[in-house]
Amino acid sequence: MGGKVWQDCGVARLGYTSCYQERRDKETRPRDATKRRHKRRHKARGENVLQTIREDIQSVLDRDPAAASKLAVLLYPGLHAVWIHHLNHWLWRRGLRLLARYLSQVARFWTGIEIHPGATIGRRLFIDHGMGVVIGETAIVGDDVTLYHGVTLGGTSLQKKKRHPTIGNGVVIGNTSSVLGDIVVGDNSRVGAGSVVLRDVPSNSTVVGVPAHIVYRDGKRVLITDPHEIKDPLSDALIALARDVTELRGRLDRLSHLEIAAELADIAMCGLENEDKERSDYRSEFDKSGFADYGAGI
């Protein structure tokens with residue numbers, strides 16, 4: 001049996017120690033390689049985390065004139081919310097959803113910003129002031145996006161599907177604006193303060209209003225010649241009112257023409273009546289004068 005063990009080990013009469021050492025080397029070699037891979041992976045993750053933190057701080061310094069120093073930037077609640085969301089999203093993807101939801105509520109309590117752990121957030125997201133910002137579960141936010149306070153990236157559907165907006169790279173969304181539904185806001189677009197976006201926004205565009213409509217595209221002013229392009233219920237009511245006013249004016253004009261004709265007719269009739277009266281008066285005076293009897297016996 002001992003000879004069989006030696007043959008299995010590929011060793012011929014070299015002793016038990018050599019066989020055991022070779023077996024131990026074969027077993028420890030894969031484990032050492034796995035440890036080295038894990039170390040490299042953890043080191044890369046640590047470097048990525050530090051790189052993300054540096055990028056976020058620099059993005060705030062670049063986009064906020066009020067940022068005096070890196071130390072002051074560390075006090076920004078928008079940064080805290082984004083950093084905590086990275087952890088929550090990591091937990092959410094690994095099935096620890098209750099813990100992720102709990103931590104997101106803790107972050108909401110401390111920062112006033114609610115980001116669902118399921119939301120996908122790009123790099124260098126800057127949330128200025130941040131109070132009242134809400135980002136839904138299926139929302140996707142690109143890189144270099146700026147959100148001001150009161151922004152809502154919400155859904156309009158109760159079904160468990162993609163129901164929140166997709167925000168492209170370099171987008172700026174003004175305060176108290178709402179972007180609702182499974183729509184896309186193109187890269188480098190701007191949403192004016194207080195707007196409600198319900199339709200897709202092309203890239204390099206500026207939208208304002210309730211509901212939002214395009215006023216600039218590719219740096220050029222967009223003029224709306226047809227009010228129906230706004231698709232606003234209030235504008236529809238105003239269009240109907242304007243149509244009624246135009247119709248009433250037409251009727252008034254027609255009535256005015258008829259009244260003028262009636263007045264002219266009245267004037268003409270009065271003229272004829274006056275003429276008949278004058279004739280009657282003349283005949284009466286003529287009859288009284290007796291000139292009518294001259295020549296009666298001829």
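Residues numbered from 1 in each chain as written. Predicted model: local features only at pLDDT ≥ 70, side-chain atom pairs only at ≥ 80, totals over all residues. Heavy atoms only, no water.

### Considering the packing of helix α4 (residues 77–93) against helix α5 (residues 97–111)
At step 1: Where α4 meets α5, the axes come as close as 8 Å, and the angle between the chain directions of the two elements is 175°. Taken together, α4 and α5 sit at an angle that is classed as roughly antiparallel. Each of Pro77, His80, Ala81, Ile84, Leu87, Asn88, Leu91 and Trp92 in α4 lies in contact with α5, whose residues at this interface are Arg97, Leu99, Ala100, Arg101, Leu103, Ser104, Ala107 and Thr111.
At step 2: Counted by class, the contact of α4 with α5 contains 10 nonpolar, four polar and two charged residues. (Axes fitted to C-alpha atoms, helices over the stretch in contact; angles between N-to-C directions. Helix = DSSP H or I, 4+ residues; strand = E, 2+ residues; numbered from the N terminus. Parallel < 35°, antiparallel > 145°, perpendicular 65-115°, else oblique. Contact = heavy atoms within 4.5 Å. Nonpolar A, V, L, I, M, F, W, Y, C, P; charged D, E, K, R; others polar.)

### Describing α5
At step 1: Spanning 15 residues, α5 covers 21 Å between terminal C-alpha atoms, matching the ideal 21 Å at 1.5 Å per step.
At step 2: Ala100, Ser104, Ala107 and Thr111 are the residues of α5 that are buried. The arc enclosing the buried residues of α5, seen along the axis, measures out at 60°, which places them on a common side. Along α5, the residues that are exposed and aim more than 90 degrees away from the buried face are Leu98, Tyr102 and Phe109.
At step 3: The inward-facing, buried residues of α5 contact α4 and β1 (114–115).
At step 4: Immediately downstream of α5, the backbone of glycine 112 shows phi near 75°, a positive value. (Expected span 1.5 Å × (residues − 1). Buried < 20%, exposed > 50% of the residue type's maximum accessible area, 1.4 Å probe, protein only. Arc of directions from axis to C-beta.)

### Section: a nonpolar patch on the surface
At step 1: A contiguous nonpolar surface patch, about 310 Å² in accessible area, is contributed by Leu96, Leu99 and Tyr102.
At step 2: Assignment of secondary structure puts leucine 96 in the loop between α4 and α5. (Patch = residues over 30% accessible without salt bridge, like charges linked within 9 Å, V, L, I, M, F, W, Y side chains within 5 Å. Areas by Shrake-Rupley, 256 points an atom, 1.4 Å probe, with all protein chains shown as cover. Salt bridge = Lys/Arg side-chain N within 4 Å of Asp/Glu carboxyl O.)

### Focus on the sheet that holds strand β4 (residues 134–135)
At step 1: In spatial order, the strands read β1-β4-β7-β10-β13; together these five strands make up an open sheet with parallel pairing. Only two strands of the sheet have a single neighbouring strand rather than two, namely β1 and β13 (196–197). (Pairing = 2+ DSSP bridges.)

### Focus on the packing of aromatic side chains
At step 1: What the rule picks out here adds up to one aromatic pair.
At step 2: Arranged with centres 5.4 Å apart and planes meeting at 85°, the rings of phenylalanine 109 and tryptophan 110 form a pair that is edge-to-face.
At step 3: Since its relative accessible area comes to 68%, tryptophan 110 is described here as exposed.
At step 4: Taking NZ or CZ as reference, arginine 221 lies 5.6 Å from the ring centre of tyrosine 216, over its face. (Phe/Tyr/Trp six-rings, centres within 6.5 Å; stacked < 30°, edge-to-face > 60°. Lys NZ or Arg CZ within 6 Å of the ring centre and 35° of its normal.)

### Here we look at the sheet that holds strand β8 (residues 166–167)
At step 1: Ordered by their spatial adjacency, four strands build an open sheet running β2-β5-β8-β11, and the pairing between neighbours is parallel. A single partner strand is all that each edge strand has here, and the edge strands are β2 (120–121) and β11 (184–185).
At step 2: In this structure, strand β5 (residues 140–141) lies alongside β8, joined through two bridges in parallel fashion. In the strand pairing of β8, valine 141 is matched with isoleucine 167.

### Some points on the nonpolar core
At step 1: Among the nonpolar cores identified, the biggest contains 27 residues, and Ile135, Leu147 and Ile173 are the most heavily contacted of them.
At step 2: When sequence neighbours within four positions are dropped, the list of residues in contact with isoleucine 173 reads Thr146, Leu147, Tyr148, Val151, Leu153, Ile167, Val179 and Val191.
At step 3: One finds Ile57, Val60, Ala67 and Leu79 within the second-largest nonpolar core, a separate group that totals seven residues. (Core = buried A, V, L, I, M, F, W, Y, C linked by side-chain atoms within 4.5 Å.)

### With respect to the pairing of strand β14 (residues 205–208)
It is a general feature of regular strands that their side chains alternate between the two faces of the sheet.
At step 1: Burial along β14 is one-sided: Ser205 and Val207 are buried, and none of Thr206 and Val208, which face the opposite way, are.
At step 2: For strand β12 (residues 190–191) and β14, the ladder comprises two bridges, and the chain directions are parallel. Residue arginine 190 lies in a different strand from β14, and its bridge partner there is threonine 206.
At step 3: Bridge count between β14 and strand β15 (residues 213–217): four bridges; the pairing is antiparallel. Paired with valine 207 across the bridge in β15 is isoleucine 214.
At step 4: Hairpin geometry of β14 and β15 is characterised by an intervening segment of four residues between the two adjacent antiparallel strands and by a positive phi of about 105° at glycine 209.

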